[in-house]
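Structural overview for review
Listed below are the residues making up each chain.
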Amino acid sequence: TQLLEQSPQFLSIQEGENLTVYCNSSSVFSSLQWYRQEPGEGPVLLVTVVTGGEVKKLKRLTFQFGDARKDSSLHITAAQPGDTGLYLCAGADSWGKLQFGAGTQVVVTP
Amino acid sequence: GAGVSQTPSNKVTEKGKYVELRCDPISGHTALYWYRQSLGQGPEFLIYFQGTGAADDSGLPNDRFFAVRPEGSVSTLKIQRTERGDSAVYLCASSRWAPGEKAGELFFGEGSRLTVL
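Some words on the pattern of salt bridges
Applying the stated criterion across every chain yields a total of seven salt bridges over all chains. One salt-bridge network, in which partners are shared between bridges, spans B:Arg64, B:Glu83 and B:Asp86.

Right, here's the structure in full:
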C-alpha cells in the first residue's frame, strides 16, 4: 500500500497540450519532492517543496504544495516528447525517510 | 564516474539461493537508501542508513532481508532463501541529507535487476 496516492496512473497526450499530475496523502510531510524516471535509470530530482502553499516553477513545469503539506500537483505546459517518463512524488518525514507514490506514466506523442 | 554505482546490474538466481547486492554511494554522502521497484510501480522503501547505522529498517519485508554499511560508505543488501516474489529492481540512493534538515536530493544508481527463477 502506497502512502502517497498519485493520479492518474497513466496519461497520454499530444505535443503542445497541457497536463496535471496529482499527489495526495493523509499524512503531513516535512517536505515533498518530485522525480522523473526513464526506463533503465534511477529517478532524477525535479524539485523540492517545503512550505505549505509553495509554488515553484521550472521552465514549463509548475509545482504546488498544498497548504496543509499533504498534497501536491505538477503541471506541465505545452508538453514535449522529451517530457515522457514516470513522474514520482516522494514525501519526507523529519527523520529523513523518503517514501514514494506509485507514479504517473506520461507519454507525449509528436 | 562520480555517481552512485550498483553491482551487479543484473542477477539471475534460483529459488532458495542467497544473493548480495552492492551499492557504492557518492563520496561524502552520509545518507544511503535502499528501495525495491516492480514494473510500473514507484520505488518501495526498504531501509535507510545515516552513517553506519540503520536509521529506519521498517521497509524490510521479512527477516530474509538484511543490509549493512560497516564503514559508512559501501552498503550491501543481502537476501537469504530467495523467492520468486523477490524479483524486482533494487535501487540504491545516497544523499548529503543530515538529520534536522528539511530535505535533501537523493541521487540514485541505475539499479540491480534481480530475477528469481
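And the narrative resumes.
Re the interface of chain B and chain A
Opposite the 22 residues of chain B that make contact, chain A presents 25 residues. Between chain B and chain A the total buried area reaches about 1,700 Å² when both faces are included, carbon and sulfur atoms providing 54% of it. Scanning the region where chain B abuts chain A turns up one salt bridge. Note that B:Asp56 and A:Lys97 form a salt bridge whose closest N and O atoms lie 3.5 Å from each other. In this structure, the connection of chain B to chain A is made through seven residue pairs in polar contact (both at pLDDT 80 or more). Elements supplying a minimum of two residues to the side of chain B that touches chain A: strand 4 (31–37) and strand 5 (44–50) of chain B. Looking at the side of chain B that touches chain A, the element that brings in the most residues is strand 4 of chain B, giving three residues. For the side of chain B that touches chain A, a count of residues per class yields 10 nonpolar, eight polar and four charged.

A few points about the sheet that holds strand 1 (residues 5–7) of chain B
Residues and elements named next belong to chain B. One open sheet holds the four strands; their spatial order is 1-3-8-7, and the pairing between them is antiparallel. Since the sheet does not close on itself, it has two edges, and those belong to strand 1 and strand 7 (65–68), each with one partner. The sheet shows a mean angle of 15 degrees between the axes of neighbouring strands, taken without regard to direction. For strand 7 and strand 8 (residues 75–79), the ladder comprises four bridges, and the chain directions are antiparallel. Each residue of the ladder has a partner; that of Ala-67, found in strand 8, is Leu-77.

Thoughts on the sheet that holds strand 8 (residues 71–76) of chain A
Remark on secondary structure: sheet strands pair via backbone hydrogen bonds, oriented parallel or antiparallel. Residues and elements named next belong to chain A. Pairing is antiparallel in the open sheet, where five strands are placed in the order 1-3-8-7-6. Every interior strand has two partners, whereas the edge strands, strand 1 (5–7) and strand 6 (55–58), have only one. This sheet shows a mean twist of 15 degrees between the axes of neighbouring strands, independent of strand direction. Taken together, the three bridges between strand 1 and strand 3 (residues 19–24) define a ladder with antiparallel strand orientation. In the strand pairing of strand 3, Ser-7 is matched with Tyr-22.

Considering the environment of A:Tyr35
Residue and element names in this part refer to chain A. On the secondary structure map, Tyr-35 appears in strand 4 (residues 31–37). Accessibility expressed as a relative area gives 0% for Tyr-35, which makes it buried. The spatial distance from the C-alpha of Tyr-35 to the C-alpha of Gly-82 is 15 Å, given a sequence separation of 47 residues. Only 2.7 Å separates the side chain of Tyr-35 from the side chain of Gln-33, close enough to count as a polar contact.

The rules we used
- Residues numbered from 1 in each chain as written.
- Chains lettered and ligands numbered in written order.
- Predicted model: local features only at pLDDT ≥ 70, side-chain atom pairs only at ≥ 80, totals over all residues.
- Heavy atoms only, no water.
- Salt bridge = Lys/Arg side-chain N within 4 Å of Asp/Glu carboxyl O.
- Contact = heavy atoms within 4.5 Å.
- Buried area = accessible area lost by both parts, 1.4 Å probe.
- Polar contact = N/O pair within 3.5 Å; in protein donor to acceptor, adjacent residues only side chain to side chain.
- Helix = DSSP H or I, 4+ residues; strand = E, 2+ residues; numbered from the N terminus.
- Nonpolar A, V, L, I, M, F, W, Y, C, P; charged D, E, K, R; others polar.
- Pairing = 2+ DSSP bridges.
- Axes fitted to C-alpha atoms, helices over the stretch in contact; angles between N-to-C directions.
- Buried < 20%, exposed > 50% of the residue type's maximum accessible area, 1.4 Å probe, protein only.

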